[in-house]
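Listed below, chain by chain, are the residues.
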Amino acid sequence: MSKEYKGKRVFITGGSSGIGKGIALALAKEGASVIIGARNSENLEKAVEELKKIGHPEAIFGYTIVDVSDKKQLESASENIIKTLGGLDLLVCSSGYAQVGEAGSLDDSVYRKLMDVNYFGHVNTALAFQKQFIKQGSGEIVFLASTLAFFSVYGYGPYSASKHAISGFAQGFRQEMMLHNVKVKLFFPPTTDTPGLAKENEDKPLITKEMEMGSALNKVHSIESVSIAIVRWIPNKKFFGYTGWDSWLQYFLFRYFPEWAIKLTDSELRGAQARLEKKNKDRKK
Ligand SMILES: NC(=O)c1ccc[n+]([C@@H]2O[C@H](COP(=O)([O-])OP(=O)(O)OC[C@H]3O[C@@H](n4cnc5c(N)ncnc54)[C@H](OP(=O)(O)O)[C@@H]3O)[C@@H](O)[C@H]2O)c1
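Residues numbered from 1 in each chain as written. Predicted model: local features only at pLDDT ≥ 70, side-chain atom pairs only at ≥ 80, totals over all residues. Heavy atoms only, no water.

Engineer: How should I be thinking about the packing of aromatic side chains in this particular structure?
Structural biologist: The way to describe two aromatic rings as a pair is by their centre distance and the angle between their planes. Inspection of the entire model under this criterion finds 20 aromatic pairs. For the ring pair phenylalanine 11 and phenylalanine 129, a centre distance of 5.6 Å and an interplane angle of 40 degrees mean the geometry is tilted. One end of the pair, phenylalanine 11, is in strand E1 (residues 9-13); the other, phenylalanine 129, is in helix H4 (residues 108-136), and 118 residues separate them in sequence. A residue is classified by how much of its surface remains accessible, and phenylalanine 11, at 0% relative accessible area, is buried. Looking at phenylalanine 129, the relative accessible area reads 0%, which means it is buried. Here the aromatic residues Phe150, Phe151, Phe188, Phe239, Phe240, Tyr242, Tyr251 and Phe254 are joined through ring pairs into a cluster of three or more. One Lys or Arg, lysine 113, reaches over the ring of tyrosine 97 and ends 5.2 Å from the middle of that ring. Over the ring of tryptophan 233 we find lysine 185; its NZ or CZ atom is 4.6 Å from the centre of that ring. (Phe/Tyr/Trp six-rings, centres within 6.5 Å; stacked < 30°, edge-to-face > 60°. Helix = DSSP H or I, 4+ residues; strand = E, 2+ residues; numbered from the N terminus. Buried < 20%, exposed > 50% of the residue type's maximum accessible area, 1.4 Å probe, protein only. Lys NZ or Arg CZ within 6 Å of the ring centre and 35° of its normal.)

Engineer: Quick question: what am I supposed to make of a nonpolar patch on the surface here?
Structural biologist: The grouping of Tyr256, Phe257 and Trp260 at the surface amounts to a nonpolar patch, some 380 Å² of accessible area in total. The topology assignment puts tyrosine 256 in helix H9 (residues 244-256). (Patch = residues over 30% accessible without salt bridge, like charges linked within 9 Å, V, L, I, M, F, W, Y side chains within 5 Å. Areas by Shrake-Rupley, 256 points an atom, 1.4 Å probe, with all protein chains shown as cover. Salt bridge = Lys/Arg side-chain N within 4 Å of Asp/Glu carboxyl O.)

Engineer: How do you make sense of the site of the ligand when you look at a structure like this?
Structural biologist: Inspection of the region around the ligand gives 28 residues, with Ser16, Ser17, Arg39, Thr192 and Thr194 positioned closest. At 2.7 Å, a side-chain N or O of arginine 39 approaches an oxygen atom of the ligand. For the ligand, the protein covers 90% of the area, taking 890 Å² as the surface of the free molecule. Listed by contribution, the elements that provide at least two residues to the shell around the ligand are helix H1 (18-29), helix H5 (157-178) and helix H6 (195-202). Top contributing element to the shell around the ligand by residue count: H6, with three residues. Residues that form the shell around the ligand fall into these classes: 12 nonpolar, 13 polar and three charged. (Near = heavy atom within 4 Å. Polar contact = N/O pair within 3.5 Å; in protein donor to acceptor, adjacent residues only side chain to side chain. Nonpolar A, V, L, I, M, F, W, Y, C, P; charged D, E, K, R; others polar.)

Printed below as a string of structure tokens:
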């Protein structure tokens, strides 16, 4: 068991599914007490049962039903969590979702909901615990954004905007909390095989799917590998976190060669368009 997490008190939003649940399981295995938050109570209950099975007998496991887009719900949830755990060492904001579609085809409410959950959801969560972290003079806050927080492609504009927004917030908030000895960190998860990804794929435009299939920069990762990478990165000093050669390459290219990287994604889009046209022609023959 690693010393890093033994006895640590953790709250994870989105801890009932996908990457959030993967992180919860990995931390429970390492001896942490973990409370998870989400909206669906059945999924929360099931996840807590799994945590109890693999966790330390003295650790505390529990859940709170909370919609992160509702600031009031988070404020009362945070009071209960702090009482139950006797403080908080690590806050992980993993709640979130993607809805993909051509910009003009999406209703205004889609844009707003993505911001409410992916941006305000993380902000609400962090602010609900801020006073406690300042009082303690210690703690860590982790935001899960996306590799699409530093670039974007066809159909992902509204989702990407919400992830760029949380990336910007995290960078400013990091400096504020630094003066209170509280670490703020930002992870860019890659494409990961989660229930969330399966849902996202349901209404993804065909050309986006085709582009992803032919992309040199896109690989689907397992929940376990991404969660373990996050759990290993949290104790290190780096603010930005990512995993896998594909994320590293994307980050490197978009940071140091942005115009070239945009051209690369454009050529992937053109390639996808040509393949789809060919498939259509072949079908009509
Ligand atoms: N999977 C990927 O390829 C990928 C790639 C890059 C970034 N990410 C990001 O990584 C995070 C986790 O994604 P995932 O793929 O693991 O998703 P997932 O399997 O769908 O899990 C999402 C979790 O967030 C919770 N959640 C969603 N909306 C919520 C709300 N309004 N209030 C409270 N909880 C809410 C869900 O529970 P309820 O529905 O019960 O509330 C669930 O526990 C997200 O922020 C996502 O944007 C994922």
